[in-house]
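Inside the fold
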Amino acid sequence: MDTILIITILIVIFALGFDFINGFHDTANAIATSVSTRALPPRVAVMMAAIMNFVGAITFVGVAKAIAKDIVDPFSLNATADDTTGSVVILAALISAITWNLLTWYFGIPSSSSHTLIGSIAGAAIAAAGFNILNYSGFTSILIGLVASPFIAFGAGFIVMSLFKILFKNLNLYRTNKGFRTLQIFTAAIQSFTHGTNDAQKAMGIITMALIASGLQTTDEVQAWVRLACAIAMGLGTSIGGYKIIKTVGGKIMKIRPVNGAAADLASASIIFGATLVHLPVSTTHVISSSIMGVGSAQRVKGVKWGVARKIVITWLITMPISAIMAGIIYTILSIFF
């Protein structure tokens, strides 16, 4: 079998593996607040998230196209009959991203799958062809989206919670919590849907990038089988659940009550879906965690466990450079064999 075809098949397998891992790694964030407030039992929340993730994943493709062409131009990696560089770059990036996701999941750290994937693609490409291989205009737009979205989410969480405090200040606390616990069922579903519209598309973009680099595709269109396969992989991954990360996001950042959870869900879902509409990949982990911090700050600044938040932020900061270095090393090793 042709070497490039073998590597492309491996890329598809690893990309679906990345989506599967992303399902139980990142989707935990989407349902963390509803589980922590007991609005939904964990098993019910996980299955609902799996279904809504699948629906979201097959609905949009804009983020997939951004991943496929905005970090590195896949056509510049286009393989000839004896050139496997582009395909090896993508395979190395996937191995790096999966490794980091598994490490952070094992330790229950809500790191960003977006950061590790984007950093890994850039690192492997730079190791293969130098810094000029990067598509700087597209890469800069993606970085701006990744950096700005947590701050916007923090502000959105603060505003939504502040509005809730004004609108419901005269209502009975028990009745209010009961009503918001019911509302959380819907906000968790919306959150899971928006997660699918953004995160599942990253693996779609990787596969599309690989098909272009291997010469099997000449446009950046995301094929129907790619969309369906990635949606299924993320849905299955979500069904496994990510209870370690649910524990961190749902309880260690702040003590979450139903009103807090609903506010955080609404704020983060609006930011994630807004990013999807403008075709920007964002970190759902960053957005959800930041919206929870914003909600907590609106209620009581001292109620936020800033020590835990600081550890999460540090993980965000180191994910991309570490992933880039890992991917560069993995590419160097793989290039010996391919």
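What counts and how
Residues numbered from 1 in each chain as written. Predicted model: local features only at pLDDT ≥ 70, side-chain atom pairs only at ≥ 80, totals over all residues. Heavy atoms only, no water. Helix = DSSP H or I, 4+ residues; strand = E, 2+ residues; numbered from the N terminus. Buried < 20%, exposed > 50% of the residue type's maximum accessible area, 1.4 Å probe, protein only. Contact = heavy atoms within 4.5 Å. Areas by Shrake-Rupley, 256 points an atom, 1.4 Å probe, with all protein chains shown as cover. Phe/Tyr/Trp six-rings, centres within 6.5 Å; stacked < 30°, edge-to-face > 60°. Core = buried A, V, L, I, M, F, W, Y, C linked by side-chain atoms within 4.5 Å. Lys, Arg positive; Asp, Glu negative; His and termini not counted. Salt bridge = Lys/Arg side-chain N within 4 Å of Asp/Glu carboxyl O. Expected span 1.5 Å × (residues − 1). Polar contact = N/O pair within 3.5 Å; in protein donor to acceptor, adjacent residues only side chain to side chain. Axes fitted to C-alpha atoms, helices over the stretch in contact; angles between N-to-C directions. Parallel < 35°, antiparallel > 145°, perpendicular 65-115°, else oblique. Left-handed = near helix turned anticlockwise from the far one by under 90°. Nonpolar A, V, L, I, M, F, W, Y, C, P; charged D, E, K, R; others polar.

So, the overall build of the protein chain
The number of helices and strands found in the protein chain is 13 helices and 0 strands. Helices and strands appear in the protein chain in the N-to-C order α-α-α-α-α-α-α-α-α-α-α-α-α. The 338 residues of the protein chain split such that 57% are buried. Across the protein chain, every contact between residues at least 6 apart in sequence was considered, and the portion connecting residues at least 24 apart equals 88%. When the accessible surface of the protein chain is summed, it comes to about 13600 Å², and 71% of that surface belongs to carbon and sulfur atoms.

Some details on the packing of aromatic side chains
Considering all chains together, one arrives at 5 aromatic pairs under this definition. Their ring planes at 80 degrees and their centres at 5.6 Å tell us that Phe60 and Phe273 sit as a pair that is edge-to-face. Taken together, the residues Phe60 in the loop between helix H2 (42-57) and helix H3 (62-69) and Phe273 in helix H11 (residues 258-277) connect sequence positions 213 residues apart. With a centroid separation of 6.3 Å and 45 degrees between ring planes, the pair formed by Phe193 and Phe273 is classed as tilted. With a gap of 80 residues between them, Phe193 in helix H7 (residues 173-198) and Phe273 in helix H11 connect regions that are remote in the sequence. Counting every residue linked through ring pairs, the aromatic cluster contains Phe60, Phe193 and Phe273.

Things to note about the nonpolar core
With 54 residues, the main nonpolar core has Ile11, Ile71, Val72, Ile118, Ile121, Met204 and Ile206 as its most contacted residues. Of all elements in the fold, only helix H1 (3-36), H3, helix H4 (85-106), helix H5 (113-129), helix H6 (136-167), helix H8 (200-213), helix H9 (224-240) and helix H13 (306-337) reach the threshold of two or more residues within this core. Ignoring any residue separated from it by four or fewer positions in sequence, one finds Val72 in contact with Leu77, Ile121, Ala125, Ile133, Leu134, Asn135 and Met209. Counting 21 residues, the second largest nonpolar core, distinct from the first, contains Phe180, Ile272, Ile288 and Ala298.

Section: the side chain of Asp19
Locating Asp19 in the fold gives a position in helix H1. Within the buried core, Asp19 has no salt-bridge partner, and the shortest N-O distance to an opposite charge, that of Lys202, equals 8.7 Å. Residues contacting Asp19, with those up to four places away along its chain left out, are Asp199, Ala200, Ala203, Cys230, Ala233 and Met234.

Examining helix H12 (residues 284-299)
Note: α-helices contain 3.6 residues per turn, so residues at a spacing of three or four share the same orientation. Between the first and last C-alpha of H12 there are 23 Å, a value that for 16 residues agrees with the 22 Å anticipated at 1.5 Å per step. Buried residues dominate H12, accounting for 15 of its 16 residues. Capping the start of H12 is the job of one residue whose side-chain oxygen sits 3.0 Å from the backbone nitrogen of His286: Ser283.

A short note on the packing of H5 against H8
For any two helices packed against each other, one specifies the crossing angle of their axes together with the interaxial distance. Close contact between H5 and H8 brings their axes to 11 Å; oriented N to C, the two are set at 20 degrees. Taken together, the axes of H5 and H8 are roughly parallel relative to one another. The handedness of the crossing between H5 and H8 is left-handed. Residues Ser114, Leu117 and Ile121 of H5 pack against Lys202, Ile206 and Met209 of H8. A class-by-class count of the residues in the contact of H5 with H8 yields 4 nonpolar, 1 polar and 1 charged.

Some thoughts on the side chain of Lys202
Residue position: Lys202 is located in helix H8. A distance of 2.5 Å separates polar atoms of two side chains, one belonging to Lys202 and the other to Asp199.

Focus: H5
A rise of 1.5 Å per residue sets the reference length of H5, with its 17 residues, at 24 Å; its end C-alpha atoms lie 24 Å apart and thus fit the reference within 8%. Among the 17 residues of H5, 13 are classified as buried, and the element is accordingly described as predominantly covered. Directly after H5, the chain includes Gly130, whose backbone phi takes a positive value near 85 degrees.

Concerning unusual backbone geometry
With the exception of glycine, most residues fall at negative phi, and the peptide bonds are largely trans. One non-glycine residue, His279, lies in the positive phi region at around 65 degrees. Among the structural elements, His279 can be located in the loop between H11 and H12.

Quick word on the pattern of salt bridges
Counted under the stated rule, the structure contains 3 salt bridges. Linking Asp70 and Lys69 is a salt bridge whose minimum nitrogen-to-oxygen distance equals 3.4 Å. Owing to a relative accessible area of 32%, Lys69 belongs among the partly exposed residues under this scheme. One salt bridge in this structure joins Lys202 and Asp199, with 2.5 Å as the shortest N-O distance. Across the pair, Asp199 and Lys202 agree in class, each one buried.

Looking at the packing of H6 against H12
Across the interface, H6 lies against H12 with an axial gap of 7 Å and an inter-helix angle of 35 degrees. Where H6 crosses over H12, the handedness of that crossing is right-handed. Residues Leu146, Ser149, Pro150, Ala153, Phe154, Gly157, Phe158, Met161, Ser162 and Lys165 of H6 form the contact with H12, whose participating residues are His286, Val287, Ser290, Ser291, Met293, Gly294, Val295, Ser297, Ala298 and Gln299. Of the residues assigned to the contact of H6 with H12, the class counts are 10 nonpolar, 9 polar and 1 charged.

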